[in-house]
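# Secondary and tertiary structure notes
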Amino acid sequence: MASLQVLHEKLPLTDECHHYENVHEVPQHIRKYWQQRYSIFEYYDEGIQLTDDAWFGVTPEPVANQIAQDLSTKTSKTTLIDLFGGAGGNVIAFASSFHFTRIIAIEKDPSTLACAQHNAQVYGVSEYITFVLGDSLEYMTLLKTNPSALHPSIRVDPNQVTIFASPPWGGVAYREHEVFDLSVMEPYNLERLYKACFPLEHTLFLPRSSDLNQVADLLAPEDDAKLDVVQYCMEGASKAMVVYVPESNPLHRDDDGWSMAVEQGTSQ
Ligand code: MGP
């Protein structure tokens, strides 16, 4: 599919990619993040590149490493797909964990993806990651309904897949709410993300104040499964709430013909 481009080479860094060395170069609205640059990337000085937007959403390295470690102990899956690869914070940690035999990172902004490829190289893990330029929700639709339309290098066995999704949260306005309403998260709300990932095992990286009732509602009453919900903290303060959603039994819920694909996969 032309709109999902598997990258065999590094994308060039663009004018939007920066490695700020001096506070005076840093736009005012991201100075707070630049001051924390070594908590975000320990090896920042090795030439880490970020777009100005990426500073807001990138997962700090200790948090990303802890999530990678936690997911490694929770999952038996061997393929990890990062739906919102961003500048690479999470996918570098997943690759560094050496738990997964295949890692695919999807990102739709070319400048941000160029940063991710560059940063993965800085951390020495770029060869373990397949980078894809494009819309990850389109990828999920094709994976579920028409996998043969996917490039062979990103055609995966759904039974071996675990999904990681750290979506945009619609800016930092979530901080103004004591409880963040995940139905209004932009541009993808909780329901849309869940439907995109269902019925695969997936991990959602959400605002720390996300509404737990909405999260609990993800499970159908007949499901025996439980969700693990973890607050990831740095220096005593939560940075995000992460929800580990187990694989759904496709026989319980039948969406979009997907149960068919999983049954076929299981019987191979
Ligand atoms: P923050 O919202 O700037 O809160 O980012 P912080 O640093 O606790 O600031 P304070 O002023 O409230 O003390 C907290 C963490 O949330 C960041 O480190 C990112 O990992 C994550 N994060 C922030 N945003 C806006 C996004 C986002 O849009 N998407 C994703 N996936 N993560 C985000």
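Attention in this report is confined to the structure presented alongside it.

Calculation rules
Residues numbered from 1 in each chain as written. Predicted model: local features only at pLDDT ≥ 70, side-chain atom pairs only at ≥ 80, totals over all residues. Heavy atoms only, no water. Near = heavy atom within 4 Å. Polar contact = N/O pair within 3.5 Å; in protein donor to acceptor, adjacent residues only side chain to side chain. Areas by Shrake-Rupley, 256 points an atom, 1.4 Å probe, with all protein chains shown as cover. Helix = DSSP H or I, 4+ residues; strand = E, 2+ residues; numbered from the N terminus. Nonpolar A, V, L, I, M, F, W, Y, C, P; charged D, E, K, R; others polar. Phe/Tyr/Trp six-rings, centres within 6.5 Å; stacked < 30°, edge-to-face > 60°. Buried < 20%, exposed > 50% of the residue type's maximum accessible area, 1.4 Å probe, protein only. Lys NZ or Arg CZ within 6 Å of the ring centre and 35° of its normal. Contact = heavy atoms within 4.5 Å. Patch = residues over 30% accessible without salt bridge, like charges linked within 9 Å, V, L, I, M, F, W, Y side chains within 5 Å. Salt bridge = Lys/Arg side-chain N within 4 Å of Asp/Glu carboxyl O. Lys, Arg positive; Asp, Glu negative; His and termini not counted. Charge placed at Lys NZ, Arg CZ, Asp CG, Glu CD.

Moving on to the site of the ligand. Neighbouring the ligand are 18 residues; Lys 32, Tyr 33, Ser 166, Tyr 174 and Arg 175 lie closest to it. For the ligand, a nitrogen atom lies 3.5 Å from a polar atom in the backbone of Gly 57. Between the ligand and Arg 175, the relevant distance is 2.7 Å, taken from an oxygen atom to a side-chain nitrogen or oxygen of the residue. Expressed as a share of its isolated accessible area of 650 Å², the protein-covered part of the ligand is 83%. Of all elements in the fold, only helix H1 (31-35) and helix H3 (54-57) reach the threshold of two or more residues within the shell around the ligand. Broken down by class, the residue content of the shell around the ligand amounts to 10 nonpolar, four polar and four charged.

A full pass over the atoms with the stated rule returns 14 aromatic pairs. Seen from their ring centres, Phe 94 and Phe 100 are 6.1 Å apart, and the 80° between their planes marks the pair as edge-to-face. Accessibility expressed as a relative area gives 1% for Phe 94, which makes it buried. Here the aromatic rings of Trp 169 and Tyr 174 are separated by 5.0 Å at their centres, their planes lie at 85°, and the arrangement is edge-to-face. The same class applies to Trp 169 and to Tyr 174, which are both buried. Members of the aromatic cluster, each reached through a chain of ring pairs, are Phe 94, Phe 100, Phe 164, Trp 169, Tyr 174, Phe 180 and Phe 205. The ring of Trp 34 has Arg 37 sitting right over it, with the charged end atom 3.6 Å from the ring centre.

Now for the environment of Phe 41. Along the chain, the position of Phe 41 falls in the loop between helix H2 (37-40) and H3. Using a relative accessible area of 3% as the deciding quantity, one classes Phe 41 as buried. Put simply, Phe 41 and Val 242 are 201 residues apart on the chain and 20 Å apart in space, counted from C-alpha to C-alpha. Residues contacting Phe 41, with those up to four places away along its chain left out, are Ile 48, Leu 50, Val 58, Glu 61, Ala 87, Gly 89, Ile 92, Asn 119 and Tyr 123.

This part is about a positive patch on the surface. Together, Lys 32, Arg 175, Arg 208 and Lys 239 make up a region of like positive charge exposed at the surface. Relative to the helices and strands, Arg 175 is located in the loop between strand S5 (161-165) and helix H8 (190-197).

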